[in-house]
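Below are the chains, spelled out letter by letter.
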Amino acid sequence: MSMSNSLKKLSSCVLIDLDGTLINTDGVVSDILRKYLSKYGKQWDGREALKIVGKTPLEAATTIVEDYGLPCGVDEFNSEFYPLFSAQMDKIKSLPGANRLIRHLNGHGVPMALASNSSRANIESKISYHQGWKDCFSVIIGSDEVSKGKPSPDLFLEAARKLNKDPGECLVIEDSVPGVLAGKAAGASVIAVPSLPKQTHLYTSADEVINSLLDLKPEKWGLPPFQDWIENTLPIDPWRIGGPVIKGFGRGSKVLGIPTANLSTKDYAEELVEHPSGVYFGWAGLATRGVFKMVMSIGWNPYFNNTEKTIEPWLLHDFTEDFYGEELRLIIVGYIRPEANFPSLESLVAKIHEDRQVAEKALDLPSYAKFKDDPYLTK
Ligand code: ADP
Ligand code: RBF
Ligand code: MG
């Protein structure tokens, strides 16, 4: 729950978690467990993810061995799991906004500590694949270096001590519930960035819950603001997706008066997990019709509470006919805001029209406009 600004404590340093907060460890762990469990005739269904997020390695392994009734002990599981995991560590990607955050804070001389429930050795290995990260942290500390891991406050207390800071001056950034509890128990201010979708209700003890690192506003905590937003938009590394336009939920035009051209989720499952939900914009190409400005939402559409994460691109042009089946190409170049819920359909529609104006204006800026000519859009 967010506290009123006047009650917020100002922070002078940042204590940050690694797995699920800065890097997407979950993706690689899920891949390994899927294959590993199938050897025992069991199926990894991701349900366990909620139970193991933020746990120490021992707790996570115990949960898996017990819940799947594996015919091996925790030690045996670990001796098989860790070599598989180590071999895949180079494939763990940084989460959107992580690199940007680390560079920003380091560039402004804000002291940073990395405090993780994983072991010190594993932390070092994992971050070695991310250029320049190690040098940005004045302190790195793993759960094998304190007596108890999160949710105990030990890791954060020790990190603060090593930074020579009072815990009350520290801002903790965490994706897991145990991590948030640890931060609060240490006396720090805590921002939660839940790594699992639709779990916001579990994070009531955090001082602020944000959807992704893209939504972090350091100035709220007395830290230097990001300077890369331009005209209410955040430039992102452009990404491209395309495919034939399929039938969506059948309510875009009917319910909102805002048609959105849907792509098959099967064809871009990887992009869908990789990109945080939210409102984005860019360019859309239809081979026989041309290139158009585009604003879209990614996610579960809280107002409609969808069960599936989708991409809903609205082409900013009046078409006289539908174009189902035609090849649609998108280049997504910027971010506007997180998805939100609204008290009424009118307020949702008004917000989407506001997004349209933000996108239309921003796409004329040279740094976004240049993608209009990208051959991907029409070839
Ligand atoms: P669906 O449930 O299939 O997404 P919508 O009511 O959202 O249906 O309408 C989307 C369809 O409308 C698109 O697939 C496309 O064929 C057509 N369409 C017409 N104008 C637009 C536009 N400006 N942006 C996106 N789709 C449009
Ligand atoms: N749905 C929401 O529930 N919350 C939002 O914040 C939201 N933002 C949107 C922004 C844009 C630019 C567009 C095109 C759609 C947005 N919608 C949002 C999605 C809308 O609910 C969706 O298009 C319908 O579900 C139609 O299928
Ligand atoms: Mg649609």
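Scroll up to find the structure this text is about.
All values derive from a computational prediction rather than experimental measurement.

How each quantity is defined
All residue numbers here refer to positions counted from 1 along the written sequence of the relevant chain. Think of it this way: whatever chain is written first is A, whatever ligand is written first is 1, and the rest follow in order. In view of the model being predicted, local features appear only for residues whose pLDDT reaches at least 70, and side-chain atom pairs are presented and counted only at 80 or more, with totals across whole chains, interfaces and linings using the full set of residues. To obtain the side-chain values, all non-hydrogen atoms of the structure were included, while hydrogens and water were left out. By convention in this text, a residue qualifies as near a molecule or strand provided that one of its non-hydrogen atoms is within 4 Å of it. Counting of polar contacts relies on pairs of N or O atoms within 3.5 Å, with two restrictions inside protein: one atom must be capable of donating a hydrogen and the other of accepting it, and residues adjacent in sequence are counted only when both atoms are side-chain atoms. Under the convention used here, a 1.4 Å probe and the Shrake-Rupley method define accessible areas, while residue burial counts only the protein chains that appear. The numbering of helices and of strands both runs from the N terminus, where a helix is a DSSP run of H or I of at least 4 residues and a strand a run of E of at least 2. Throughout, the ten residues Ala, Val, Leu, Ile, Met, Phe, Trp, Tyr, Cys and Pro are labelled nonpolar, Asp, Glu, Lys and Arg are labelled charged, and all others, Gly among them, are labelled polar. For the exposure calls, accessible area comes from a 1.4 Å probe over protein chains only, and a residue counts as buried if that area is under 20% of its type's maximum, exposed if over 50%, partly exposed in between. Residues count as neighbours in contact if any of their non-hydrogen atoms are within 4.5 Å of one another. At least two bridges found by DSSP between two strands are what make those strands a pair. Axes here mean lines fitted to C-alpha atoms, for a helix over just the part in contact, with angles spanning 0 to 180 degrees between N-to-C directions. The donor set covers N, O and S atoms within 2.8 Å of the metal, switching to 3.2 Å for Na, K and Ca, and it leaves out water, so a site may look short of donors. We define a salt bridge as a contact between a side-chain nitrogen of Lys or Arg and a carboxyl oxygen of Asp or Glu at a distance within 4 Å. By convention in this document, the label disulfide applies to cysteine sulfur atom pairs within 2.5 Å.

**Focus: the site of ligand 2**
Okay, so step 1: Close contacts around ligand 2 come from 21 residues, with Asn301, Tyr303, Phe304, Arg337 and Ala340 the closest.
Okay, so step 2: Contact distances for ligand 2 include 3.1 Å between an oxygen atom and a backbone N or O atom of Pro302.
Okay, so step 3: One nitrogen or oxygen atom from the main chain of Ala340 is found 2.7 Å from a nitrogen atom belonging to ligand 2.
Okay, so step 4: Burial of ligand 2 by the protein chains amounts to 99% of its free accessible area of 540 Å².
Okay, so step 5: Looking at the shell around ligand 2, the elements with two or more residues in it are helix 10 (252-256), strand 10 (290-299), strand 11 (310-315) and helix 12 (345-362).
Okay, so step 6: Tallying contributions element by element places helix 12 first for the shell around ligand 2, with three residues.
Okay, so step 7: Split by residue class, the shell around ligand 2 holds 12 nonpolar, four polar and five charged.

**A word on helix 5 (residues 98-107)**
Okay, so step 1: All of the buried residues along helix 5 are Ala98, Arg100, Leu101, Ile102, His104 and Leu105.
Okay, so step 2: The inward-facing, buried residues of helix 5 contact strand 1 (13-16), strand 2 (112-116), helix 7 (133-136), strand 4 (170-174) and strand 7 (234-246).
Okay, so step 3: Phi for Gly109, located one or two positions after helix 5, is positive at around 70 degrees.

**Some points on the sheet that holds strand 3 (residues 139-142)**
Okay, so step 1: Taken together, the six strands give an open sheet; going across it, the order is 3-2-1-4-5-6, and neighbouring strands pair in parallel fashion. Both edges of this open sheet fall to strand 3 and strand 6 (208-209), since each of them pairs with a single strand only.
Okay, so step 2: Of the pairings in the sheet, the one linking strand 4 to strand 5 (residues 189-192) comprises four bridges and is parallel in character. Residue Glu174 lies in a different strand from strand 5, and its bridge partner there is Ala192.
Okay, so step 3: Relative to the sheet, helix 5 contacts strand 1, strand 2 and strand 4, its axis offset from that of strand 2 by approximately 140 degrees.
Okay, so step 4: With respect to the sheet, helix 9 (residues 177-186) is in contact with strand 4 and strand 5, its orientation differing from that of strand 5 by roughly 165 degrees.

**Topic: the coordination of the magnesium ion (ligand 3)**
By definition of the ideal shapes, a tetrahedral metal site with four donors has angles of 109.5 degrees and an octahedral site with six donors has angles of 90 or 180 degrees.
Okay, so step 1: Of the protein atoms, only Thr260 (O), Thr260 (OG1) and Asn262 (OD1) coordinate the magnesium ion (ligand 3), at distances of 2.2 to 2.4 Å.
Okay, so step 2: The exposure class assigned to Thr260 is partly exposed, which follows from its relative accessible area of 23%.

**Observations regarding the pattern of salt bridges**
Okay, so step 1: Scanning the model with the defined rule gives 23 salt bridges in all.
Okay, so step 2: Between Lys150 and Asp17 there is a salt bridge; the shortest N-O distance is 3.0 Å. Taken as a pair, Lys150 in the loop between strand 3 and helix 8 (154-163) and Asp17 in the loop between strand 1 and helix 1 (25-39) lie far apart in primary sequence, 133 residues in all.
Okay, so step 3: Overall, Lys150 belongs to the buried group, its relative accessible area being 2%.
Okay, so step 4: Note that Glu158 and Arg161 form a salt bridge whose closest N and O atoms lie 2.7 Å from each other. Taken together, the residues Glu158 and Arg161, both in helix 8 and three residues apart, mark about one turn of the helix.
Okay, so step 5: Connected via shared salt-bridge partners are Arg120, Glu124, Lys134 and Glu145.

**A look at the state of the cysteines**
Okay, so step 1: Enumeration over the complete set of coordinates arrives at zero disulfides.
Okay, so step 2: You can see Cys13 has no disulfide; the closest cysteine sulfur is in Cys170, sitting 3.3 Å from it.
Okay, so step 3: Accessibility expressed as a relative area gives 0% for Cys170, which makes it buried.

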